[in-house]
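An overview of the molecular structure
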Amino acid sequence: MLDAVSAAVVLADEAGRVIRMNSYAHKVFRGRPVTLSEVGLEATAGEQTVRRMDASTVTASVSITAIDPGLRVLTVTEWHGHHEYARLDLNAFGVGTWDWHIPSGDLHFDRRWVEMLGYADGELDYDLEAWERLVHPDDRDRVDEELRAHLTGRTDTYRCEYRCRHHDGHYVWVLDTGTVIERDPSGRPLRATGIHLDMTDRKRQETEREELIAELERTQARLKDLARVDELTGLGNRRVLAEAMDRAWLGVVSRGTPVAVLMVDLDGFKSHNDLHGHAHADAVLRSVALAMSSVVRSRDTIVRFGGDEFVVVVPDADPQVALAAAERIRRAVAATSAVTASVGVAVWVPGCGIHDPDRLFAAADEALYAAKAGGRDRSAAWQNGLITLLQQG
């Protein structure tokens, strides 16, 4: 394993702290450094002078492979008068390695690299084309671009996550990293080495996390809707009413635009509930909500105010428009439900004497009380302090 390699193999973090090294590194460094800088090493590939811990120095070739954000493997090979590099077995780090002779295209994969994709030794050709055939078609352009960027010296290391075809036909996510370790005098790359790390589990965890986040967002959206919606009828609740009234009253203040409030109360609902039970009463409330929704304008806002009481905000509505809306609602409820409805109407128009939304609601409530007192299944309107009962039509 690593201790059998004739090169110093060092695992270091991004701060240059030495996390692990093989036994040969002790020989190269003449001790165990705590940091790379302690032996004069920099986290860059190429020829460097190692300042050993006994104060001696040695020239060495350094290659770097990033195996995870913040972690890198440095391979430090002493020069012995020739340009040979040790071939490393990094199985101890749980990764597969590759060694690429660039001019010829020969590409050697170690046993772990091959096994990662479900192959046995000898099943894959050792050349660049064999590797390219394994890369997912949708990933090839991106892989090629990352590889070209490193070979031409635009990046310090090659690093790319992509999918490789497994022997069984499915695709495996891998993290592929590497470094050019030899160039000719003109700078043309001659040899590169690197590693493959199986990222399938991590990608699955990322996907699961993304799906969980999406589900949480959907749940939050549903909860937000529930905070605004009456669960029984599907109409808006008091929060929606407040928002609708704020918008309408802004029109009153800024432009003098009329707005109407309709208070709707079901006649004899409590007796009906006592006689037929809650389940039937709930069905009646849903029926009433549907009937009302079918006869108002899309810009009007209907909310269930509580119990058997509903409120409708009718923006940009003069008294005639508001009274017509009240009658449509009253007739729709009577025609489709087991109960009838009484409706109180109040309209803000310039000079009506109403100066805030609360007073407008109070006026509509007074009109509703008058409609109830006038025989029920009626509409009544408040205007300038006077209440008028509408004739049933």
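To start, this report covers the structure provided alongside it.

Conventions adopted
Residues numbered from 1 in each chain as written. Predicted model: local features only at pLDDT ≥ 70, side-chain atom pairs only at ≥ 80, totals over all residues. Heavy atoms only, no water. Pairing = 2+ DSSP bridges. Helix = DSSP H or I, 4+ residues; strand = E, 2+ residues; numbered from the N terminus. Axes fitted to C-alpha atoms, helices over the stretch in contact; angles between N-to-C directions. Parallel < 35°, antiparallel > 145°, perpendicular 65-115°, else oblique. Left-handed = near helix turned anticlockwise from the far one by under 90°. Contact = heavy atoms within 4.5 Å. Nonpolar A, V, L, I, M, F, W, Y, C, P; charged D, E, K, R; others polar.

Our focus in this paragraph is the sheet that holds strand S3 (residues 46-51). Spatial ordering of the open sheet is given by S2-S1-S5-S4-S3, a layout of 5 strands whose pairing is antiparallel. For this open sheet the edge positions go to strand S2 (18-21) and S3, each flanked by a neighbour on one side alone. Averaged over all pairs of adjacent strands, the angle between strand axes in this sheet comes to 35°, irrespective of strand direction. Relative to strand S5 (residues 71-78), strand S1 (residues 8-13) is paired through 6 bridges, and the arrangement is antiparallel. Note that in S5 the partner of Val10 across the bridge is Leu74.

Moving on: the packing of helix H8 (residues 278-293) against helix H9 (residues 319-336). With their axes 9 Å apart at the nearest point, H8 and H9 run at an angle of 135° to one another. By the criterion of interaxial angle, the relationship of H8 to H9 is oblique. In the packing of H8 onto H9, the handedness of the crossing is right-handed. For the pair H8 and H9, the contacting residues are Ser287, Val288, Ala291 and Met292 in the first and Ile329, Ala332, Val333 and Thr336 in the second. Across the contact of H8 with H9, the residue classes break down as 6 nonpolar, 2 polar and no charged.

Backbone-to-backbone hydrogen bonds join strands into a sheet, with any given pair of strands oriented parallel or antiparallel. Across the sheet, which stays open at both edges, the 5 strands sit in the order S7-S6-S10-S9-S8 with antiparallel pairing between neighbours. One side of each edge strand has no neighbouring strand; the edge strands of this open sheet are strand S7 (106-109) and strand S8 (158-165). Here the strands of the sheet are splayed against their neighbours by 25° on average, with no regard to which way each runs. Along the sheet face, helix H4 (residues 140-151) touches strand S6 (96-101), S8, strand S9 (171-183) and strand S10 (189-198) and points at about 150° away from the line of S8.

From the geometry alone we can't say anything about function, so treat these as descriptive.
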